[in-house]
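# Breakdown of the fold
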Amino acid sequence: MKMKLNGKDIEFNIFDLTHAQRFEDALKEMEKDEKAIQSSLEKFQNGEIGVAVFLGKNIDMFKKFFKTITGVDVIGDCTDYIQAKKMYEDFLAEVKKDKQKFARFSTKRIH
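A few points on the structure. (Residues numbered from 1 in each chain as written. Predicted model: local features only at pLDDT ≥ 70, side-chain atom pairs only at ≥ 80, totals over all residues. Heavy atoms only, no water.)

### Considerations on the packing of helix α1 (residues 17–45) against helix α3 (residues 81–99)
Selection criterion: Simply put, an axis is a line fit to the C-alpha atoms, just over the touching stretch for a helix, and the angle between two N-to-C directions goes from 0 to 180 degrees. The helix and strand labels rest on DSSP assignments: H or I over at least four residues marks a helix, E over at least two residues marks a strand, and numbering proceeds from the N terminus. Should an angle lie under 35 degrees it is considered roughly parallel, over 145 roughly antiparallel, and from 65 to 115 roughly perpendicular; all remaining angles are considered oblique. By definition, any crossing whose near helix is turned counterclockwise from its far helix by less than a right angle is left-handed, and any crossing with a clockwise turn is right-handed. Whether two residues touch is decided by their heavy atoms; if any such pair falls within 4.5 Å, the residues are in contact. Under the scheme applied here, ten amino acids are nonpolar (Ala, Val, Leu, Ile, Met, Phe, Trp, Tyr, Cys and Pro), four are charged (Asp, Glu, Lys and Arg), and all others, including Gly, are polar.
At their nearest, the axes of α1 and α3 sit 14 Å apart, and the two run at 140 degrees to each other. Considering their axes alone, α1 and α3 lie oblique with respect to each other. Our pair here, α1 against α3, has a crossing hand that is left-handed. Touching Phe23, Leu27 and Met30 of α1 are Tyr88, Phe91, Leu92, Val95 and Lys99, all from α3. Partitioned by chemical class, the residues of the contact of α1 with α3 number seven nonpolar, no polar and one charged.

Here is the structure:
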């Protein structure tokens, strides 16, 4: 798939082994980042860290995700958490569409 996010052209092909592996690796890294963010949530709620730090951690997580998969800093200088999250969600929606193209093969077709 080719798409434009935050004014940047990106290409990703879930059917390519290299791309698929980068996708899986990025999701695993994101799990780790989410756990770290969850642990900082309590600090945020207690006032130990500010909203800017907390939001920055989330935006950085999305930035890292895109850089791992596409090699492109899709998030760039975006400082809006909602916009960064939408870029991530839009990308995943396109990947989901592509995943629906996976064919199921049957030996019945060759008889």
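### Quick look at the pattern of salt bridges
What counts, and what does not: When a carboxyl oxygen of Asp or Glu lies within 4 Å of a side-chain nitrogen of Lys or Arg, that pair is called a salt bridge. For every residue, the accessible area (1.4 Å probe, protein chains only) is compared with the maximum for its type, and the residue is labelled buried under 20%, exposed over 50%, or partly exposed between those bounds.
In this structure the tally under the stated criterion is nine salt bridges. A salt bridge links Glu29 to Lys32; the nearest nitrogen and oxygen atoms lie 3.3 Å apart. Of the two residues, Glu29 and Lys32 are both situated in helix α1; the distance of three residues between them amounts to about one turn of the helix. Classification of Glu29 by relative accessible area gives partly exposed; the value is 29%. Owing to a relative accessible area of 53%, Lys32 belongs among the exposed residues under this scheme.

### Some thoughts on α1
Inclusion rule: Helices are assigned an expected span. That span is 1.5 Å times one less than the residue count. Any pair of nitrogen or oxygen atoms within 3.5 Å is treated as a polar contact; in protein, a donor-acceptor pairing is required on top of that, and neighbouring residues in sequence qualify only through side-chain atoms on both sides.
Taking 1.5 Å of rise per residue, the 29 residues of α1 would be expected to cover 42 Å, and the 41 Å separating its terminal C-alpha atoms lies within 8% of that figure. Looking at the buried positions of α1, the neighbouring elements they touch are β2 (8–11), α2 (51–70) and α3. One side-chain oxygen at the N-terminal end of α1 lies 2.9 Å from the backbone nitrogen of Thr18; it belongs to Asp16. Immediately beyond the C-terminal end of α1, within one or two residues, lies Gly47, with a positive phi of roughly 80 degrees.

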